[in-house]
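# An overview of the molecular structure
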Amino acid sequence: MATVLPPPSKRSRREAQQPKVANIIPEDLPFVQVQFRAADTGQVLAGGIHLIPGSSNVKQLELLLNGLLGSSDDPIPYTFSLVDGINPIAITSDLYSDILRPKHRSTEDVLTLEYTPQAVFRVKSVSRCTATMSGHGGTILSMAFSPKSGARLVTGSGDGTARLWDTDMGTPIAVMKGHEKWVLCVAWSPDAEVLATGSMDCSVRLWDVKTGKQIGNAMKGHSKWITSLTFEPLHLLGGRKGMRLASTSKDATLRIWDVATRTSSQTLSGHTACVTCARWGGLGVIYSCSQDKTIKVWDARGGPITLLATLQAHAHWVNFVALSTDFVLKTGGFDPFTKEKMVAEDEESLRTNSKVRFLKASTHNGVTAERVVTASDDQTMYLWNPFPKGTVDESSVSAKPVARMVGHQKPINHVAFSADGRTLASCSFDNSIKLWDGQTGAFLTTLRGHVAAVYMCSWSADSRLLATGSKDCTVKVWDVRNGRLYMDLPGHKDEVYAIEWSSDGKVVASGGRDKTVKLWKH
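Residues numbered from 1 in each chain as written. Predicted model: local features only at pLDDT ≥ 70, side-chain atom pairs only at ≥ 80, totals over all residues. Heavy atoms only, no water.

What follows is about the overall build of the protein chain. When helices and strands are counted, the protein chain shows five helices and 39 strands. The globule rule puts the C-alpha radius of gyration for 522 residues at 24 Å, and the 23 Å found for the protein chain is close to it. Expressed along its principal axes, the backbone C-alpha trace of the protein chain runs to roughly 75 × 50 × 50 Å. Relative to its 522 residues, the protein chain shows a buried fraction of 54%. The long-range share in the protein chain, meaning contacts at least 24 apart out of those at least 6 apart in sequence, stands at 52%. (Helix = DSSP H or I, 4+ residues; strand = E, 2+ residues; numbered from the N terminus. Rg over C-alpha atoms; globule rule 2.2 N^0.38 Å. Buried < 20%, exposed > 50% of the residue type's maximum accessible area, 1.4 Å probe, protein only. Contact = heavy atoms within 4.5 Å.)

Next comes the structure, spelled out in structure tokens:
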């Protein structure tokens, strides 16, 4: 069913009646001195200090920077921020409105502007349902697109099966039977060759993507159901042939599996309650969160996996953990937006490309670090930077959160970083989605439109659009730049539990209680 936007709140009506201050830039505003600094390397641009009008806007700064970098013929869009201690100040309109008028700096100061290249591609918003794929006999609980493209989709269901779909044709490729109970989680290996499924029957199974058949026997060891699966990032394999997989369970343990031999190499027992989610980070660290209110950091770089630190701050169950590098780790060596398509997809090329992409996404001011966000039933989220110096060892772990993010009125279901890692989205039972700054944890805006609990969200690859699935049976697409509803997509007959935007941006898949998978395209 389509939903109508709720009426404005009393506070917003009162603010609308207040006289608005006109944003008038003084005519006699003097020139200001600026220097440009790259956000990833921290190097100041050659050419030193430049004298520019104090009224310069973002477009004019882009023109100047592209000229200085010699890319005027093929200009690249940039975002700018003023370097101001730990927290940078974003420049969204012009220097006067964002810096000079609020008195962050005066016209006599030298302004150091940090520039970050934006995605040069644009993902078109999905606007129509192109296929409704039925076949599952139970509720659809999980789904994931192939890292390679949006042409392959796997879904896990309450009927005990997983299905592989061709999204170009809207047809099934294979039905993966073997589990005896609900398939709770699915995951692709970063080389797009293997599928893993975790079930309520306490087992993990591996499947061949090309044939849809099971690889070997079920991997058993957990005593209770599987809650999440995470593969080791591709660039961490080095010369090793065997990829590893981590599974979390209600039995309060994590198990590390060797994909080649399908055996459990190690059991990580440190949590005292259900381990709800885990992420294998690009620095060689596993982050696990649990209903014991803690987040544990495990060193998985080589040899036996050991506990590095325990992060404590939440007052209730921790439901979800996400990383700022999730997008590049999930897509591995495949970059769907490169101008030159990869000629070779051999192991070595994929691993090399995966490492290049990870370093590009995680390096800031010459330091490689990934940020972690955790969401909880205590209605709060915490932003962490466990390794601020970029080195993974016990002495350099920062167990203090960067920010505490409050605002939701009910437990938080899901949280996700945008593809560029600069924005966070959180979904809650309070019917709202909130957006946060991915570096500082500062609140940005609230997206309102759903009339029931929001279960899950998924970002477009250009970080400009956000898709959400809800209990109100709708999928909604939001424009993150202005915080408004971009597209309302009714069609499901019941609650939408799972939603995923493909890495190439061409298709959104959604599924839920009505047992059907819907594909949405432009």
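What follows is about the packing of aromatic side chains. One pass over the structure, following the stated rule, counts seven aromatic pairs. For the ring pair Y78 and Y115, a centre distance of 5.5 Å and an interplane angle of 85 degrees mean the geometry is edge-to-face. Placement of the pair is Y78 in strand β3 (residues 78–82) and Y115 in strand β5 (residues 110–117), with a sequence separation of 37 residues. Comparing Y78 with Y115, the two get one shared label, buried. (Phe/Tyr/Trp six-rings, centres within 6.5 Å; stacked < 30°, edge-to-face > 60°.)

Evaluation of the coordinates by the stated rule reveals 11 salt bridges. E495 is the partner of R513 in a salt bridge, and the nearest nitrogen-oxygen pair spans 3.2 Å. Of the two residues, R513 is situated in the loop between β38 (507–512) and β39 (517–521) and E495 in the loop between β36 (484–490) and β37 (496–501); the sequence distance between them amounts to 18 residues. By relative accessible area, which is 9% here, E495 ends up buried. (Salt bridge = Lys/Arg side-chain N within 4 Å of Asp/Glu carboxyl O.)

Let's shift gears to the sheet that holds strand β14 (residues 219–220). Strands in a sheet are paired, the pairing made by backbone hydrogen bonds, and the direction either parallel or antiparallel. In spatial order, the strands read β11-β12-β13-β14; together these four strands make up an open sheet with antiparallel pairing. Of all strands in the sheet, those bounded by a partner on one side alone are β11 (183–188) and β14. Bridging between strand β12 (residues 194–199) and strand β13 (residues 203–208) involves five bridges; their strand directions are antiparallel. Across the sheet, residue L195 finds its bridge partner in β13, namely W207. (Pairing = 2+ DSSP bridges.)

The next thing to look at is the pairing of strand β35 (residues 474–479). The buried fraction of β35 is high, at six of six residues. By the alternation rule, side chains of β35 split into T474, K476 and W478 and V475, V477 and D479, which are all buried. Across five bridges, strand β34 (residues 465–470) lies against β35 in antiparallel orientation. Its bridge partner being in β35, A467 is matched across the sheet by V477. Linking two consecutive strands that pair antiparallel, namely β34 and β35, is a turn of three residues; a positive phi of about 75 degrees is found at C473 within it. Pairing analysis gives six bridges linking β35 to β36, with the strands arranged antiparallel. In the strand pairing of β36, K476 is matched with D488. Joining the antiparallel neighbours β35 and β36 is a turn of four residues, in which G483 adopts a positive phi near 70 degrees.

Before going further, it helps to spend a moment on the side chain of S426. In this structure, S426 sits in strand β30 (residues 423–428). S426 gets classed as buried once you look at its relative accessible area, which sits at 0%. Within the structure, S426 has its side chain in polar contact with the side chain of H408 (distance 2.7 Å). When residues no more than four places from it in sequence are discounted, the contact partners of S426 are M381, H408, I412, H414, V415, S432, I433, K434 and W436. (Polar contact = N/O pair within 3.5 Å; in protein donor to acceptor, adjacent residues only side chain to side chain.)

Let us look at the nonpolar core. Of all hydrophobic cores here, the largest spans 34 residues; its most connected members are Y287, V297, V373, M381, F387, V415 and L424. When contributions to this core are tallied by element, the ones reaching two or more residues are β20 (285–290), β21 (294–299), β22 (306–312), β23 (318–323), β26 (372–376), β27 (380–384), β28 (403–406) and β29 (412–417). For this core, the element with the most residues is β23, which contributes five residues. Apart from residues lying up to four places away in sequence, V373 is in contact with F320, V321, A322, M381, Y382, L383, M405, V415, F417 and L424. Judged by nonpolar contacts, the second largest core, of 22 residues, contains I52, Y78, Y96 and Y115. (Core = buried A, V, L, I, M, F, W, Y, C linked by side-chain atoms within 4.5 Å.)

Another aspect to go through is unusual backbone geometry. Negative phi is the rule for most residues except glycine; trans is the rule for most peptide bonds. Even without being glycine, S463 reaches a positive phi, approximately 65 degrees. Structurally, S463 is set in the loop between β33 (454–459) and β34. For S463, a relative accessible area of 11% corresponds to the buried category. In this structure, C473 takes a positive phi of about 75 degrees despite not being glycine. The topology assignment puts C473 in the loop between β34 and β35. Assessed through its relative accessible area of 15%, C473 is described here as buried.

Taken residue by residue, a regular strand's side chains alternate between the two faces of the sheet. Of all the six residues making up strand β9 (residues 161–166), six are buried; the element is thus mostly covered by neighbouring parts of the structure. Taking every second residue as pointing to the same face, both faces of β9 are buried, with T161, R163 and W165 on one and A162, L164 and D166 on the other. With five bridges connecting them, strand β8 (residues 152–157) and β9 associate as antiparallel partners. Following the sheet pairing, G156 is matched in β9 by A162. Hairpin connection between β8 and β9: a loop of three residues separates the two successive antiparallel strands, and G160 in this loop has a positive phi of roughly 85 degrees. Strand direction decides the pairing type here: β9 and strand β10 (residues 171–177), joined by six bridges, are antiparallel. Residue pairing across strands places A162 opposite M176, the latter belonging to β10. Between β9 and β10, which follow one another and run antiparallel, lie four residues, and G170 among them has a positive phi close to 70 degrees.

None of the figures reported here should be taken as evidence of function without further support.
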